[in-house]
Amino acid sequence: MANINTYMTQHHRSCDHLLVEAEGPLAEGNWAEFSHAWSQFEAETLHHFDLEEEILFPEFEAQTGMTSGPTMVMRQEHAQVRSLFEQMQQAISEQATERAMGIVESTMLLIQQHNMKEEQILYPMSDAHLANGQEIVAQMEAKPNASAS
């Protein structure tokens, strides 16, 4: 079984792939395909956030006592991404290509920076300091994706 860093980094890569997959249809002006691809990316990303906010972060905070450290910053960044998701829904409904492309670019940049912090700081700290890392990974693997449509 993977450790927290490996498991969550692999999940980042899955989300990254879905975002890249959404770019092509947008560039081609295929709104139906883009909307579907974006929805898949959004659902998987929100599922990833749920894994962190409902399982990993509470366990990290409980075991380390750090509640205003890295998990607080990650939650704030999750809120920023969710805001971009809301903006994208409006851009899709209006088929606003330039705005949608800007939101894709902003999302990509924000998520790349966010993932780097998690993969270089939070996940290694979690593996180093959480006594039940394997159990946490098992809980995350078992959690259904409530965001999937």
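Higher on the page you've got the structure.
Analysis parameters
- Residues numbered from 1 in each chain as written.
- Predicted model: local features only at pLDDT ≥ 70, side-chain atom pairs only at ≥ 80, totals over all residues.
- Heavy atoms only, no water.
- Core = buried A, V, L, I, M, F, W, Y, C linked by side-chain atoms within 4.5 Å.
- Buried < 20%, exposed > 50% of the residue type's maximum accessible area, 1.4 Å probe, protein only.
- Helix = DSSP H or I, 4+ residues; strand = E, 2+ residues; numbered from the N terminus.
- Contact = heavy atoms within 4.5 Å.
- Axes fitted to C-alpha atoms, helices over the stretch in contact; angles between N-to-C directions.
- Parallel < 35°, antiparallel > 145°, perpendicular 65-115°, else oblique.
- Nonpolar A, V, L, I, M, F, W, Y, C, P; charged D, E, K, R; others polar.
- Phe/Tyr/Trp six-rings, centres within 6.5 Å; stacked < 30°, edge-to-face > 60°.

### Observations regarding the nonpolar core
Ranked by size, the top nonpolar core spans 21 residues in total, and within it Phe-34, Trp-38, Met-88 and Val-104 carry the most contacts. For this core, the secondary structure elements donating two or more residues are helix H1 (4–27), helix H2 (31–64), helix H3 (70–94) and helix H4 (97–129). If you tally residues by element for this core, the top one is H2, at 7 residues. The residues touching Phe-34, leaving out its near neighbours within four places in the chain, are Ala-22, Pro-25, Leu-26, Met-88, Ile-92 and Val-104. Core analysis: the second largest hydrophobic core is formed by 15 residues, Ile-4, Tyr-7, Leu-130 and Ile-136 among them.

### A look at the packing of H1 against helix H5 (residues 133–142)
Packing of H1 against H5 brings their axes to within 9 Å, and their N-to-C directions diverge by 25°. Considered as vectors, H1 and H5 are oriented roughly parallel to each other. The residues of H5 that touch H1, namely those facing Ile-4, Tyr-7 and Met-8, are Gly-133, Ile-136, Val-137, Met-140 and Glu-141. Broken down by class, the residue content of the contact of H1 with H5 amounts to 6 nonpolar, 1 polar and 1 charged.

### Regarding the packing of aromatic side chains
Tallying each qualifying case throughout the model produces 5 aromatic pairs. Look at Trp-31 and Phe-34: their rings are 5.8 Å apart centre to centre, the planes differ by 90°, and that puts the pair in the edge-to-face class. You can see Trp-31 and its partner Phe-34 sitting in helix H2, 3 residues apart, about one turn around the helix. Each ring, one from Trp-38 and one from Phe-85, has its centre 5.8 Å from the other, and the planes form 90°; the classification is edge-to-face. Pair noted here: Trp-38 is in helix H2 and Phe-85 is in helix H3, with a separation of 47 residues, a long-range link.

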